[in-house]
Amino acid sequence: MSPDLMSEAVVALTATETTKTGRAHSRARAARRRKVVITLARALLLVAVLGLWEVCARAKVIDPFNFSMPSKIWDQIYTWVIHGTALGSLGEQIWFTLHEALLGWVIGVVAGVVFGIALGRINLLADVLGPYIKVLNSIPRIVLAPIFVIWFGLGPASKVASAVVLVFFPVFFNAFQGAREVDRNLVANARILGASDRRVTLQVVIPSATSWIFTSLHVSFGFALIGAIVGEYIGATKGIGLLVAQSQGTFNAAGVYAAMVILAVVALVAEGLLTFAERRIFRWKPSDSER
């Protein structure tokens, strides 16, 4: 190749790389701008809703006794943070509920993954237990909370049990479907290479089903919180659910909403941690801005 042709090739290659780099920077800038716009829109929407709520409550368009108002809710949260609640410090109530929800979530996730993968891999087991799983899933699980209080008392065990039954089924069905959706060619290739059923399950099926399982984790922690709160609402000695029950019993609407705000913050923090863990595990997946 002549020197002129080589120089032209180098120039063309350099131009191509520069174009690719420019496009990548443009996409990154567009993604940052979009993120800023979305954040501002969310903040403006929240301010608008809270402002409208406050104005309507003060103007008596809505009944402030029943619907309260954002300023009173903030005052209630401030009072709980600074002076504590009738049950003790606010941090103690949050930790009590969070401990029950976390324990129930972990047990429900582990049980759901194990049973989901097992039934997804073993057809005989799925055929035998399938009808019973469907029957149990059809039962409104919230109504089991009073039964658990009768069985396990007012302690944490009844709340953990409520959280477990709410978490188990979404995780189970996602793990089951993930095990069934594994690429058959991967399984066949693993068997050709001499992998046993155990190695196929651990090294092919479970990694392939991980994205399905993580999808269920995002909603299941919210279910765990619901289970713990419902159990505490029915009967407990501590917890955010008991704060809700006491606020309702004293017609303190601000207290009810304040407890809901606290739970929403806890759920959002948990969602953020799960999203961070998912991104770390699935680094190979393109983000929304890269698609």
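Up top is the structure these notes are about.
Remember, predicted model here, so these are calculated numbers, not experimental data.

## Observations concerning the packing of aromatic side chains
By the definition in use, this model includes 12 aromatic pairs. Grouping aromatic residues by their ring pairs yields a cluster made of Phe-115, Phe-168, Phe-169, Phe-172, Phe-173 and Phe-176.

## What about a nonpolar patch on the surface?
Residues Trp-74, Tyr-78, Val-81 and Ile-82 make up a contiguous nonpolar surface patch of about 480 Å² in total accessible area. Tracing the chain through its elements places Ile-82 in helix 3 (residues 70-83). Judged by relative accessible area, Ile-82 falls into the partly exposed class, the value being 49%.

## Focus: the environment of Ala-228
Among the structural elements, Ala-228 can be located in helix 9 (residues 197-234). On a C-alpha basis, the gap between Ala-228 and Gly-239 in space is 8.7 Å, while along the polypeptide they are 11 residues apart. The residues contacting Ala-228, other than those within four sequence positions of it, are Thr-97, Glu-100, Ala-101 and Lys-159.

## Here's the deal with empty space enclosed by the protein
The tally for this structure, following the rule as stated, stands at one cavity of 30 Å³ or more. In this structure, the largest cavity encloses a volume near 40 Å³. Ile-94, Thr-97, Leu-98, Leu-225, Ile-240, Ile-262, Leu-263 and Val-266 together form the lining of the largest cavity. Breaking the lining of the largest cavity down by element, the ones donating at least two residues are helix 4 (90-121) and helix 11 (253-281).

## What to know about unusual backbone geometry
With a phi close to 55 degrees, Ser-68 is a non-glycine residue in the positive phi region. With respect to the helices, strands and loops of the structure, Ser-68 is situated in the loop between helix 2 (64-67) and helix 3. In the Ramachandran plot, Phe-251 falls in the positive-phi region, its phi being about 55 degrees despite a non-glycine side chain. Along the chain, Phe-251 falls in the loop between helix 10 (240-249) and helix 11.

## Some points on the packing of helix 4 against helix 7 (residues 156-180)
Describing two packed helices takes the angle between their axes plus the distance from one axis to the other. Close contact between helix 4 and helix 7 brings their axes to 6 Å; oriented N to C, the two are set at 30 degrees. Handedness of the helix 4/helix 7 crossing: right-handed. A per-class count over the contact of helix 4 with helix 7 returns 21 nonpolar, five polar and three charged.

## What to know about the layout of surface pockets
Considered as a void within the structure, the second largest pocket measures approximately 340 Å³ in volume. If you trace the second largest pocket, you find it lined by Leu-46, Leu-50, Trp-53, Pro-70, Ile-73, Trp-74, Ile-77, Tyr-257, Met-260, Val-261, Ala-264 and Leu-268. With five residues, the single largest contributor to the lining of the second largest pocket is helix 11. Its residues assigned to classes, the lining of the second largest pocket shows 12 nonpolar, no polar and no charged.

## A closer look at the side chain of Glu-232
If you trace the backbone, Glu-232 turns up in helix 9. Beyond its immediate stretch of four places on either side in the chain, Glu-232 contacts Phe-96, Thr-97, Glu-100, Lys-159, Lys-238, Gly-239, Ile-240, Gly-241 and Leu-242.

## Examining the nonpolar core
Ranked by size, the top nonpolar core spans 24 residues in total, and within it Trp-105, Val-109, Val-167, Val-205, Leu-217 and Ala-224 carry the most contacts. For this core, the secondary-structure elements that each account for two or more residues are helix 4, helix 7, helix 9 and helix 11. With 11 residues, the top contributor of residues to this core is helix 9. Beyond its immediate stretch of four places on either side in the chain, Val-205 contacts Ile-117, Arg-121, Ala-179, Val-182 and Val-200. Residues Leu-90, Ala-254, Ile-262 and Leu-263 belong to the second largest nonpolar core, which totals 13 residues.

## A few points about helix 3
Between the first and last C-alpha of helix 3 there are 20 Å, a value that for 14 residues agrees with the 20 Å anticipated at 1.5 Å per step. Turning to helix 3, its buried residues are Pro-70, Ile-73, Gln-76, Ile-77 and Trp-80. Buried positions in helix 3, seen along its axis, are confined to an arc of 125 degrees and lie on one side of it. Exposed residues on helix 3 whose side chains face more than 90 degrees from its buried face are Trp-74 and His-83.

Conventions used here
Residue indices begin from 1 for each chain and proceed along its sequence in written order. For this predicted model, a pLDDT threshold of at least 70 governs which residues receive local features, and a threshold of 80 or more governs which side-chain atom pairs are given and counted, while totals over whole chains, interfaces and linings are taken from all residues. The basis for every side-chain value is the complete set of non-hydrogen atoms in the structure, without hydrogens or water. Classification of ring pairs rests on two measures: the distance between centres of Phe, Tyr or Trp rings, Trp counted by its six-membered ring, which must be within 6.5 Å, and the angle between planes, read as stacked under 30 degrees, edge-to-face over 60 and tilted in between. Only residues whose relative accessible area exceeds 30% and that take part in no salt bridge are eligible for patches, with like-charged residues grouped when within 9 Å of each other and nonpolar side chains (Val, Leu, Ile, Met, Phe, Trp, Tyr) grouped when within 5 Å. The method behind every accessible area is Shrake-Rupley, applied with a 1.4 Å probe, and residues are considered shielded solely by the protein chains displayed. Each reported salt bridge corresponds to a side-chain nitrogen of Lys or Arg within 4 Å of a carboxyl oxygen of Asp or Glu. Strands are runs of DSSP state E lasting at least 2 residues, helices are runs of H or I lasting at least 4, and numbering of each runs from the N terminus. Partly exposed residues are those whose accessible area sits between 20% and 50% of the maximum for their type, while under 20% is buried and over 50% is exposed, using a 1.4 Å probe and protein chains only. Whether two residues touch is decided by their heavy atoms; if any such pair falls within 4.5 Å, the residues are in contact. Cavity and pocket criteria rest on a 1 Å grid covering protein atoms alone: a 1.4 Å probe that fits but cannot get out defines a cavity, protein on both sides within 12 Å along at least 5 of 7 lines defines an open pocket, and an atom within 4 Å of a point defines a lining residue. Grid points are joined across faces, edges and corners, and a volume is the space filled by probe spheres set on the points. Angles run from 0 to 180 degrees between N-to-C directions of axes, and those axes are lines fitted to C-alpha atoms, restricted for helices to the stretch in contact. In this scheme the handedness of a crossing depends on how the near helix is turned from the far one: anticlockwise by less than a right angle means left-handed, clockwise means right-handed. In this count, Pro and Cys sit with the nonpolar residues alongside Ala, Val, Leu, Ile, Met, Phe, Trp and Tyr, while Asp, Glu, Lys and Arg are called charged and the others, Gly among them, polar. In this description, a nonpolar core means a group of buried Ala, Val, Leu, Ile, Met, Phe, Trp, Tyr and Cys residues linked to one another through side-chain atoms lying within 4.5 Å. Here, expected helix span is obtained from the residue count minus one, scaled by 1.5 Å. When we speak of the arc, we mean the arc of directions from the helix axis to the C-beta atoms.

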